[in-house]
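# Structural overview for review
Here's the letter readout for the chains.
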Protein chains: 2
Amino acid sequence: MELFEGGVTAPKGFCAAACAAGIKYQGRKDLALLCSQVPAQAAATFTSNVVKAAPVLWDRRIVREQNGPVRAVVINSGIANACTGKEGLEICAAEAAAAAAALGASPDEILTASTGVIGMQIPMDKITAGIAALVPALADTPQAGTAAAEAIMTTDTVRKEIAARTVIGGKEVTIGAMTKGSGMIHPNMCTMLAFITTDAAITKEMLQKALSADVEDTYNMISVDGDTSTNDTCMLLANGLAGNPVIDAEGEDFDAFCEALRAVNTYLARRMAGDGEGATALFEMKVTGAGTKAQAKTIARSVVSSSLVKTAIAGHDANWGRILCAMGYSGASFDPEKVDLWFESAAGKLQIVKDGSAAPYSEEEATKILSESEVTAIADLKEGEESAAAWGCDLTYDYVKINADYRS
Amino acid sequence: MELFEGGVTAPKGFCAAACAAGIKYQGRKDLALLCSQVPAQAAATFTSNVVKAAPVLWDRRIVREQNGPVRAVVINSGIANACTGKEGLEICAAEAAAAAAALGASPDEILTASTGVIGMQIPMDKITAGIAALVPALADTPQAGTAAAEAIMTTDTVRKEIAARTVIGGKEVTIGAMTKGSGMIHPNMCTMLAFITTDAAITKEMLQKALSADVEDTYNMISVDGDTSTNDTCMLLANGLAGNPVIDAEGEDFDAFCEALRAVNTYLARRMAGDGEGATALFEMKVTGAGTKAQAKTIARSVVSSSLVKTAIAGHDANWGRILCAMGYSGASFDPEKVDLWFESAAGKLQIVKDGSAAPYSEEEATKILSESEVTAIADLKEGEESAAAWGCDLTYDYVKINADYRS
């Protein structure tokens, strides 16, 4: 299995296109169309927020209630189509109808996704004109995938795409993906928006099983600001063109697929956390020596979600008391007097806490380690063999600046 | 019942003193002694954080495991005495011993509290010298109460004290209180540090009952940054000097006492939220028309804890989608399509959302309302009669500045 530069068009039979439709932003790409040349199985996870955006409601019906395959996804940035009532759902239906007509498919084979400001209505004429322009532009090139990855960005500063290839049943299988997410990132079931394509042949049931298990350890372990979005959607489309024996049960083939999926999603989850709004550093929290995996995950996620830890990372300050404090209010139980803590980065590794109290360490060396663009804290609970990691970012002036002015 | 300017020395028989003991800060008051001239009943609530500071462990033993009265509280700022292991507990014992010797009491009648940096040890000689200086300075004047309220401040920009008087059984009963708290404020069982005194005659059991019920609707409903401290402590001392018939059961007298306690704690909870680190505005979230009180509280607290809502308030931006989003991920269920939302302040009241979608409103008027120093959002769920309020503050550059540099 290897990761390589690529995106949603890397697997066989997937094409994409993007354009500036003028939905809210002016003069930048804001509409993408992702399409499989043959019908694809779809799996997805959605936000746990009670307030669900219209595209989440639309997609959930298609992925969870219908068993048929899908053909394409229409994605816009700028307006989230959330808190838009009946009109919001009508816009999803109209989007799907427009794409279906142009592609010779049924509206029930078209998924939709939106990201941006909550509460505004999407101007339907802009979408219709955009889709008409996109269909003839569809291409299976890396450039087309990149254009789509750019069109779905909002406050993201870098596009996020990756691909992986592996061999399943003697056939090369590829997974490609793109995500966006920079603010309102604290996924619960899934991240902001993630689109994963693969040419693997796999049943819908096994596809959903692979995705549901994977997001628990990848996208669900990142946090930028503790706000679980109304639009979180992670979808995985499989069109079978790799020609491998269909994966319809657990076993070696399923494991190989899951390994590649994990590599893709871990890469993108880290990219998303590191590109958190205003962030200057990716902050990784590893919990080791835990009694259970759930305990390790709860503690790791609590630490990367703490505003006080995040500001300390912004200040390159080894303020470890805030890490122990955030571990303590996580809801997981552990013995604080057994905890050892290290900081680690490209600049070195340093033990800061031994048995719950300060270890003798050099503040100067700690500051050096914490001044890198990727910083890890490792807490050893010394009570078992389980471990977990979560990813977040520092909290800076720029997060405040971006969000105090976001709508204007 | 009326509130009046005053603090912990307002009730009969309580005296206080404060000094600059040089524990960590230089040239400012950092040590306070609060004392009842006669033994007092004590009730308290403590942090739910698994990582509990040494003074929390010390006090919990005295308040929960012993049934005897208490005489005094020693409080320091600068160092939290948390994550300090066995040595931290020895410091509590030594503090109590020093105060007990000087006051002619038993160490088991002395409570302790600390606030400041986690992980450092308190220099015991500074505390011993400070206590020796404080005992002869004890006074029951308002000035002495104010000095104590100043000594317990850390990043607080204003001291927080208040008093209330009511009549119980024909006697005037007074409650006085001081609190501190500005960062690491997301109480769960209690707030950062709150000290409440009263001359009411009341049994220990009824005192604890009154306090436990009250903090659920006051201190437990504020959030500055989502971080539940290791040191959260709220204590209530009652010395009986008002001479009212002892309150030993529910009834009219207990209700009068609870009413005054509620007024004191609501006042201080709001002051604490409004003085959140870096805050320029107090933000109040009211939920009305809820089916249950628990639902209303969960939703209100989620909204004041949202970083995206807090930055919108900082930007005077009527970004109501973030409020609905935070209501949606609170964990409480409700019908988003029924929600009405208003903003209110000294500048007016304006409906922003009707039935879950945007109401026609003037952005200019909304910005004017949101530019006041106290801002309220009111969400009506339209499903019942219950309501709740939570208090927070805006999230500004200064929160980041204060916390990226706090230790230095």
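First, a word on what this report is: a plain description of the structure on this page. Being a predicted model, the structure only gives us computed values, none of them experimental.

## Focus: the interface of chain A and chain B
At the junction of the two partners, chain A supplies 51 residues and chain B supplies 51 residues. Remark: the boundary between chain A and chain B carries 0 salt bridges. Our count for the chain A to chain B interface comes out at 8 residue pairs in polar contact (both at pLDDT 80 or more). Contributions of two or more residues to the side of chain A that touches chain B are made by helix H8 (307-314), helix H9 (320-328), strand E13 (357-358) and helix H11 (397-404) of chain A. By residue class, the composition of the side of chain A that touches chain B is 23 nonpolar, 20 polar and 8 charged.

## Observations regarding the relation of the copies chain A and chain B
The two copies are related by a screw motion: chain A maps onto chain B through a turn of 180 degrees and a shift of 0.0 Å along the axis, at an RMSD of 0.0 Å. Between the two chains, the operation in question is that of a two-fold axis. Scanning chain A for the C-alpha nearest the rotation axis identifies A:Tyr397, at a separation of 2.5 Å.

## A short note on unusual backbone geometry
All names here are of chain B. Backbone geometry at His316 places phi at a positive 50 degrees, although glycine is not the residue there. Structurally, the position occupied by His316 is in the loop between helix H8 (307-314) and helix H9 (320-328). Taking the relative accessible area as the measure of exposure, His316 reaches 28% and is therefore partly exposed. For Lys382, which is not glycine, the phi dihedral falls at a positive 55 degrees.

## Considering the pairing of strand E8 (residues 193-198) of chain B
Both faces of the sheet carry side chains from a regular strand, because those side chains alternate between them. Residue and element names in this part refer to chain B. A large share of E8 lies buried, amounting to 6 of its 6 residues. Side chains Leu193, Phe195 and Thr197 of E8 all project onto a buried face; the interleaved residues Ala194, Ile196 and Thr198 project onto the opposite face, where all are buried too. The pairing of E8 with strand E9 (residues 233-238) spans 6 bridges and is parallel. When the sheet's bridge partners are listed, Leu193 is paired in E9 with Thr233.

## Thoughts on the packing of helix H7 (residues 293-305) of chain B against H9(B)
Residue and element names in this part refer to chain B. Across the interface, H7 lies against H9 with an axial gap of 8 Å and an inter-helix angle of 130 degrees. Between H7 and H9, the angle falls in the class oblique. In the packing of H7 onto H9, the handedness of the crossing is right-handed. Judged by residue contacts, Ile299, Ser302 and Val303 of H7 engage Ile323, Ala326 and Met327 from H9. Classifying every residue of the contact of H7 with H9 gives 5 nonpolar, 1 polar and no charged.

Definitions and cut-offs
Residues numbered from 1 in each chain as written. Chains lettered and ligands numbered in written order. Predicted model: local features only at pLDDT ≥ 70, side-chain atom pairs only at ≥ 80, totals over all residues. Heavy atoms only, no water. Contact = heavy atoms within 4.5 Å. Salt bridge = Lys/Arg side-chain N within 4 Å of Asp/Glu carboxyl O. Polar contact = N/O pair within 3.5 Å; in protein donor to acceptor, adjacent residues only side chain to side chain. Helix = DSSP H or I, 4+ residues; strand = E, 2+ residues; numbered from the N terminus. Nonpolar A, V, L, I, M, F, W, Y, C, P; charged D, E, K, R; others polar. Least-squares fit on C-alpha atoms with pLDDT ≥ 70 in both. Buried < 20%, exposed > 50% of the residue type's maximum accessible area, 1.4 Å probe, protein only. Pairing = 2+ DSSP bridges. Axes fitted to C-alpha atoms, helices over the stretch in contact; angles between N-to-C directions. Parallel < 35°, antiparallel > 145°, perpendicular 65-115°, else oblique. Left-handed = near helix turned anticlockwise from the far one by under 90°.

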